[in-house]
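Chain by chain, the residues:
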Amino acid sequence: MTDDTTDTENDRKGRHLALASLEVGSIALGLKVGDELIAVNGLPFDGTTQDLRDRFGRGTPTIALTFLRDKRKFVVLSNTPNLGQWKEGREYDAEEAEKKAKRILPDGLINWEVYQDANGNYDIQTQRPSTLAIALTPLWYAQMRLWTPLAIWIATIIVTLPIGIWVMVLTQALAWSYFWNTAPEFFRRDRIERGMTLLQVIAAKNEQRVHQYMKREFPEMRFVYEPVQEEPDMTEAEGL
């Protein structure tokens with residue numbers, strides 16, 4: 001006689017996929033060897049690498065992939081299943097995971113890069129070029145503390161303005177296009193030169209959601225431009 005209870009329990013078990021090696025696509029998403037894929041568009045994923053490819057289908061759809069790293073869950077957007085070699089990850093309770101699952105719609109989400117320094121500070125930027133970078137390029141440079149590109153921008157205006165207004169306008173139009181497409185790379189190079197490293201990539205609707213994630217998952221870290229709270233002066237109080 002077959003033990004129906006045992007069969008039922010076995011049916012409830014699933015097994016994650018874990019990254020055994022990385023490819024260009026996974027490196028761009030800040031993934032690491034050992035990261036476990038636990039959900040696709042928010043729903044538990046228990047399948048093979050071919051099943052993952054089938055989820056993407058034809059074309060280049062954007063899919064929300066939920067990973068587990070050091071007991072922390074995070075979501076990244078990917079338009080390719082070619083993230084590296086996979087191996088079997090940990091076993092999990094599939095039924096319990098389905099109960100807790102919440103569907104994630106990739107539309108409206110953006111991949112944010114989170115950088116960290118040796119002092120426990122972090123900084124962020126979107127992987128998608130900011131509209132501010134082309135609409136108000138000097139303001140965007142100032143906001144991102146990219147002083148060298150800002151100086152170059154100002155220098156082009158100073159040099160081309162005496163030649164003629166149309167030359168300056170044409171030069172600025174070309175500069176807008178160039179800086180908009182390369183804005184994320186300017187940011188990366190600047191932060192790396194400052195000694196920062198990529199912590200991870202997080203898919204979120206806006207900057208506020210990224211900060212909320214960081215405060216929840218990395219409470220010891222502080223946003224690099226967050227005002228430092230001074231300790232109260234207890235000298236007078238101690239003298240009372």
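Please read these numbers as outputs of a predicted model, since none were measured by experiment. (Residues numbered from 1 in each chain as written. Predicted model: local features only at pLDDT ≥ 70, side-chain atom pairs only at ≥ 80, totals over all residues. Heavy atoms only, no water.)

Chemist: Would you explain the pattern of salt bridges in this entry?
Modeler: When the charged atoms of two side chains lie near each other, side chains of opposite charge can form a pair. Throughout the structure, instances matching the rule amount to 14 salt bridges. For arginine 188, the salt bridge identified is with glutamate 113, shortest N-O distance 2.9 Å. In this pair, arginine 188 sits in helix α8 (residues 165-193) while glutamate 113 sits in strand β7 (residues 110-116), placing the two residues 75 residues apart along the sequence. With its nearest N and O atoms 3.2 Å apart, the salt bridge here joins glutamate 185 to arginine 189. Residue glutamate 185 and its partner arginine 189 are both found in helix α8; the two are separated by four residues, about one turn of the helix. Of the residues examined, arginine 189 reaches a relative accessible area of 53% and is grouped as exposed. One network of salt bridges, in which partners are shared, links Glu113, Glu185, Arg188 and Arg189. (Salt bridge = Lys/Arg side-chain N within 4 Å of Asp/Glu carboxyl O. Helix = DSSP H or I, 4+ residues; strand = E, 2+ residues; numbered from the N terminus. Buried < 20%, exposed > 50% of the residue type's maximum accessible area, 1.4 Å probe, protein only.)

Chemist: How should I be thinking about a nonpolar patch on the surface in this particular structure?
Modeler: Where nonpolar side chains cluster on the molecular surface, the patch consists of Leu161, Ile165, Trp166 and Val169 and spans about 460 Å² of accessible area. Positionally, valine 169 belongs in helix α8. Look at valine 169 and you get partly exposed, because its relative accessible area is 38%. (Patch = residues over 30% accessible without salt bridge, like charges linked within 9 Å, V, L, I, M, F, W, Y side chains within 5 Å. Areas by Shrake-Rupley, 256 points an atom, 1.4 Å probe, with all protein chains shown as cover.)

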